[in-house]
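Fold and geometry: a report
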Amino acid sequence: MGYQVILPAAGQGKRMGAGKNKLLLELSAIPILIHTLRVFEEDEKCDGIILAIHPQDEAEFNVLLKQYQIEKVKGLVPGGKERQHSIHHALKTVKDGEMILVHDAARPFIRKEYIHRLIKAAEETGAAIIGVPAKDTMKTVRNRTVLGTVERSSLWAVQTPQAFRMSILLEAYENAESENFLGTDDASLVERIPHPVTVVEGDYDNIKLTTPEDLFFAEAILKKRKGSF
Ligand code: CTP
Ligand code: MG
């Protein structure tokens, strides 16, 4: 089955501190936004891309789409105050198709094989997310004092993409809006319906570029992939 993907790209990149949207920063001389778009442009199962953008970036994004010949972008939708609002705006513009993915534009290292595994799981259960087992020991802490140690085997760090049957994601977003619930990922909205969410194991390379040191990790991942590391 094919899918459409919503890429939230309307953030300000405050923690990156570049003075502009971090997606315009370059890795190996190519903007982060384009690295991410190319994954979907080159995936034969991807039927269309909807980009949620900040109006101040529109002109620059359009130039990049032309320059790098990205053809699958069906719509540029104005983002909202929070990531969830940006995705909801985009979701309202999706007309056809059954399977919908949401993927942070700030995660350029997602691989096609994981996208395909994710879609397969979401076709079976209606909702699936990519995650990796937690590596660190995790503790709950209050006022700098340890409350307890959480059993690590049950903890997963969750990434994007997250894939859903369209009707399920729409219901989840409508519910969240009417109940003023703001989640940190899309699955947390689906969990509240409630609807079960399947976890597909991904890889640790699929980082979200958030702070300046992430750019060094990102260059290292690119080098590793080019086989020169
Ligand atoms: N995003 C969005 N709309 C918002 C906020 C974020 O579309 N109102 C997008 C970002 O562009 C990014 C993804 O959601 O691709 C994940 O968000 P995050 O990593 O937090 O990026 P920013 O919000 O840009 O960064 P910061 O929080 O440091 O300002
Ligand atoms: Mg943010």
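Predicted model only: the values in this text are computed from it and were never measured. (Residues numbered from 1 in each chain as written. Chains lettered and ligands numbered in written order. Predicted model: local features only at pLDDT ≥ 70, side-chain atom pairs only at ≥ 80, totals over all residues. Heavy atoms only, no water.)

1. Observations concerning unusual backbone geometry
P161 follows T160 through a cis peptide bond whose omega is 10 degrees. Looking at where P161 falls in the secondary structure, it is placed in strand β10 (residues 156–165). The omega torsion across I193 and P194 is 5 degrees, close enough to zero to call that bond cis. By secondary structure assignment, the location of P194 is in the loop between α6 (187–191) and β11 (198–201). Of note, Q69 is a non-glycine position whose phi angle comes to about 50 degrees, a positive value. Inspection of the secondary structure assignment puts Q69 in the loop between α2 (58–67) and β5 (73–78). (Helix = DSSP H or I, 4+ residues; strand = E, 2+ residues; numbered from the N terminus.)

2. Observations regarding the UniProt feature "site: Transition state stabilizer" (unreviewed entry) in the protein
Mapped onto the present numbering, the UniProt feature "site: Transition state stabilizer" (unreviewed entry) falls at R15 and K22. From the list above, the largest pocket is lined by R15 and K22. With respect to the element layout, R15 can be found in the loop between β1 (3–8) and β2 (26–27). By relative accessible area, which is 59% here, R15 ends up exposed. (UniProt positions renumbered as here; feature names shortened; annotations may be inferred. 1 Å grid on protein atoms, 1.4 Å probe; cavity = no way out; pocket = protein on both sides within 12 Å on 5 of 7 lines; lining within 4 Å. Buried < 20%, exposed > 50% of the residue type's maximum accessible area, 1.4 Å probe, protein only.)

3. Observations concerning empty space enclosed by the protein
With the rule as written, the count across this model stands at one cavity of 30 Å³ or more. Every residue along the wall of the largest cavity is listed here: F109, I110, R111, Y114, I130, Q159, G202, D203 and N206. Classifying every residue of the lining of the largest cavity by side-chain character gives four nonpolar, three polar and two charged. (Points joined across faces, edges and corners; volume = space filled by probe spheres on them. Nonpolar A, V, L, I, M, F, W, Y, C, P; charged D, E, K, R; others polar.)

4. Some points on the pattern of salt bridges
Taken as a whole and judged by the stated rule, the model has eleven salt bridges. The residue K81 makes a salt bridge to E82 at a minimum N-O spacing of 3.7 Å. The residue D104 makes a salt bridge to R107 at a minimum N-O spacing of 3.5 Å. The same class applies to D104 and to R107, which are both buried. Among the ionic contacts, a cluster of salt bridges with common partners joins R83, D104, R107 and D186. (Salt bridge = Lys/Arg side-chain N within 4 Å of Asp/Glu carboxyl O.)

5. Quick look at the sheet that holds strand β6 (residues 99–102)
The strand order across the open sheet built from seven strands is β5-β4-β1-β6-β10-β7-β11, with neighbouring strands paired in mixed fashion. Each edge of the open sheet is held by one strand with a lone partner, namely β5 and β11. Sheet twist, expressed as the average angle between the axes of neighbouring strands with direction ignored, equals 25 degrees. Pairing of β1 with strand β4 (residues 46–53) involves six bridges; the strand directions are parallel. Among the inter-strand pairings, Y3 is bridged to a residue of β4, identified as C46. Here helix α3 (residues 83–93) sits on the sheet in contact with β1, β4, β5, β6 and β10, set at roughly 145 degrees to β1. (Pairing = 2+ DSSP bridges. Axes fitted to C-alpha atoms, helices over the stretch in contact; angles between N-to-C directions. Contact = heavy atoms within 4.5 Å.)

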